[in-house]
Amino acid sequence: MKRRTALAYLAATAVVSPMVHAQPSEIRPRIIRFGYGLNENSNQGRAVKVFAQEVERLSGGKMRVRAIGAAALGTDIQMQQALIGGAQEMMVGSTATLVGITKEMALWDTPFLFNSSAEADAVLDGPVGRKVADKLQDKGLVGLVYWENGFRQLTNNKHPITRLEDFQGIKLRVMQNNIFIDSFKSLGVNAIPLPFSELFTALETRAVDGQENPYNTILSSKFHEVQKYLTITNHVYSPWIVLASKKWWDTLNAAERKVLLDAAVKSRDFERKDTREEAARALAELKAKGMQVNELSPAEANRMREKLTAVHASIADQVGRDLWNELQAELAKIRNRS
Ligand code: TK8
């Protein structure tokens, strides 16, 4: 099937322009396989669709995106490897799962780094966000834009979390990197790193008691069906990043790259707006679906914050003091302005 398509395509290009004049761009697949982890009916799925439509429109139909959700092409980490090897063209996923490839990505896992999504946008779209994304190039990936995953909240099936002591012994699924593991261990939980695609089943079979993700994901992944308690913690802001295979990107001409970049920016603006609108409704919807929701008292929120900000020094060491200081200076500038 693959073979026939490739041959048919070669034959078609040969008629239009003799093979001797064929540019590398004419023999690469015009279909862009774009993988993502959430399902189609999620903020991630909706934004991938916008990206696909824009690529098709801006390229006059010459470039087409085949969007494949629900981790059908693999977990974030598996897809990253496929991009690096050139077996897949594009994906969107958590920056947190890139920390094993580019240590500077750990910057975005800093608990309580941003006070608002406006701060996150300003930093991620600014020079520090660009610098961190550009570090991926040496590793075979091109980081195009950051999307909003969002502020993360905690759910579990054991009991409401109202005090720091309630974290004790909870088996909590965390994203696969050392910052998340260390952060949650400092709260006393039993932190279990798992890919997102295994999470629903792990919750359903009670292999883990809880997890943490933004309201949007809790809702679109139907975690409310297998989780009873939701605690509003806003403990960290997670970005997603749209990635391209560097191997593939290097075969594109300037016009094609521009199509992808313009479509990425358009999808980013759509995605952030859509995500924020959905987040504003999602909490009420989760309550209506039976989740028991609680907020931490200011005193308990502070105790949690203190524990989590204690990991800041080790993040600064991991990403490098210069980058850490640059980020803090950038944040101070933004906060001064507003
Ligand atoms: C989706 C993941 C997800 C993330 C997680 O592939 O793993 O909990 O929040 O969005 O990247």
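A few points on the structure. (Residues numbered from 1 in each chain as written. Predicted model: local features only at pLDDT ≥ 70, side-chain atom pairs only at ≥ 80, totals over all residues. Heavy atoms only, no water.)

Quick look at the environment of E285 now. Tracing the backbone through its elements, the reader meets E285 in helix α11 (residues 254–288). Once the C-alpha coordinates of E285 and A255 are considered, the two residues, 30 residues apart in sequence, prove to be 43 Å apart. (Helix = DSSP H or I, 4+ residues; strand = E, 2+ residues; numbered from the N terminus.)

Okay, empty space enclosed by the protein next. Enumeration over the complete set of coordinates arrives at 2 cavities of 30 Å³ or more. In this structure, the largest cavity encloses a volume near 240 Å³. In terms of lining residues, the largest cavity is bounded by 23 residues, among which L38, D76, S94, R173 and F196 are the most central. For the lining of the largest cavity, the secondary-structure elements that each account for two or more residues are α4 (76–85) and β3 (90–94). A per-element tally of the lining of the largest cavity places β3 first, with 3 residues. In terms of residue class, the lining of the largest cavity is built from 9 nonpolar, 11 polar and 3 charged. Space inside the second largest cavity adds up to approximately 40 Å³. (1 Å grid on protein atoms, 1.4 Å probe; cavity = no way out; pocket = protein on both sides within 12 Å on 5 of 7 lines; lining within 4 Å. Points joined across faces, edges and corners; volume = space filled by probe spheres on them. Nonpolar A, V, L, I, M, F, W, Y, C, P; charged D, E, K, R; others polar.)

It is worth spelling out the site of the ligand at this point. As a structural note, the neighbourhood of the ligand is formed by G37, L38, D76, S94, N149, R152, R173, M175, F196, N213 and W240. Within the side chain of S94, one N or O atom sits 2.8 Å away from an oxygen atom of the ligand. Here an oxygen atom of the ligand sits 2.6 Å away from a polar atom, N or O, in the side chain of N213. Against a free-state accessible area of 310 Å², the protein chains account for coverage of 98% of the ligand. Considered class by class, the residues forming the shell around the ligand number 4 nonpolar, 4 polar and 3 charged. (Near = heavy atom within 4 Å. Polar contact = N/O pair within 3.5 Å; in protein donor to acceptor, adjacent residues only side chain to side chain. Areas by Shrake-Rupley, 256 points an atom, 1.4 Å probe, with all protein chains shown as cover.)

Looking along a regular strand, one sees the side chains alternate between the two faces of the sheet. Burial of the side chains of strand β5 (residues 153–156) extends over both faces: Q153 and T155 are buried on one face and L154 and N156 on the other. As defined by bridge partners, β5 adjoins strand β9 (residues 229–232) across 3 bridges and the pair is classed as antiparallel. Note on β9: the bridge partner recorded for N156 is Y229. (Buried < 20%, exposed > 50% of the residue type's maximum accessible area, 1.4 Å probe, protein only. Pairing = 2+ DSSP bridges.)

One pass over the structure, following the stated rule, counts 26 salt bridges. Between D121 and R272 there is a salt bridge; the shortest N-O distance is 3.4 Å. In this pair, D121 is assigned in helix α5 (residues 117–124) and R272 in helix α11, connecting sequence segments 151 residues apart. Both residues of the pair, D121 and R272, belong to the buried class. (Salt bridge = Lys/Arg side-chain N within 4 Å of Asp/Glu carboxyl O.)

The biggest cluster of nonpolar side chains holds 34 residues, and the ones touching the most others in it are M105, L107 and W108. Listed by contribution, the elements that provide at least two residues to this core are α4, α5, α6 (127–134), β4 (141–151), β10 (237–245), α13 (312–319) and α14 (321–337). No other element matches α14, which puts 5 residues into this core. Judged by nonpolar contacts, the second largest core, of 27 residues, contains F34, V145, W147 and L260. (Core = buried A, V, L, I, M, F, W, Y, C linked by side-chain atoms within 4.5 Å.)

Below, the discussion takes up the side chain of D121. The exposure class of D121 is buried, given its relative accessible area of 16%. Filtering out sequence-adjacent residues up to four positions away, D121 remains in contact with G126, Y237, R272 and R276. (Contact = heavy atoms within 4.5 Å.)

When you line up the elements, R130 lands in helix α6. Note on R130: relative accessible area 35%, which makes it partly exposed. Residues R130 and N336 lie 206 residues apart in sequence; the distance between their C-alpha atoms is 21 Å. Other than its neighbours up to four places away in sequence, R130 contacts L124, G143 and L144.

Pairing is mixed across the open sheet formed by 5 strands, whose spatial order is β2-β1-β3-β10-β4. Both edges of this open sheet fall to β2 (64–68) and β4, since each of them pairs with a single strand only. Direction aside, neighbouring strands of the sheet carry axes that sit 20° apart on average. Relative to β10, β3 runs antiparallel, the two sharing 5 bridges. When the bridges of β10 are listed, M91 appears paired with L243. With respect to the sheet, α4 is in contact with β1 (31–35), β3, β4 and β10, its orientation differing from that of β3 by roughly 145°. Set on the sheet, α5 makes contact with β4 and β10; between it and β10 the angle comes to about 30°. (Axes fitted to C-alpha atoms, helices over the stretch in contact; angles between N-to-C directions.)

Taking 1.5 Å per residue as the helical rise, helix α3 (residues 43–58) with its 16 residues ought to reach 22 Å, and the 22 Å between its terminal C-alpha atoms agrees with that figure. One or two residues past the end of α3 sits G60, with phi positive at roughly 60°. (Expected span 1.5 Å × (residues − 1).)

Attention now goes to the packing of α13 against α14. Between α13 and α14, the shortest axis-to-axis distance is 6 Å and the interhelical angle comes to 120°. In terms of orientation, α13 and α14 fall into the oblique class. Across from H312, A313, I315, A316, D317 and V319 in α13, the residues of α14 making contact are R321, L323 and W324. Split by residue class, the contact of α13 with α14 holds 6 nonpolar, 1 polar and 2 charged. (Parallel < 35°, antiparallel > 145°, perpendicular 65-115°, else oblique.)

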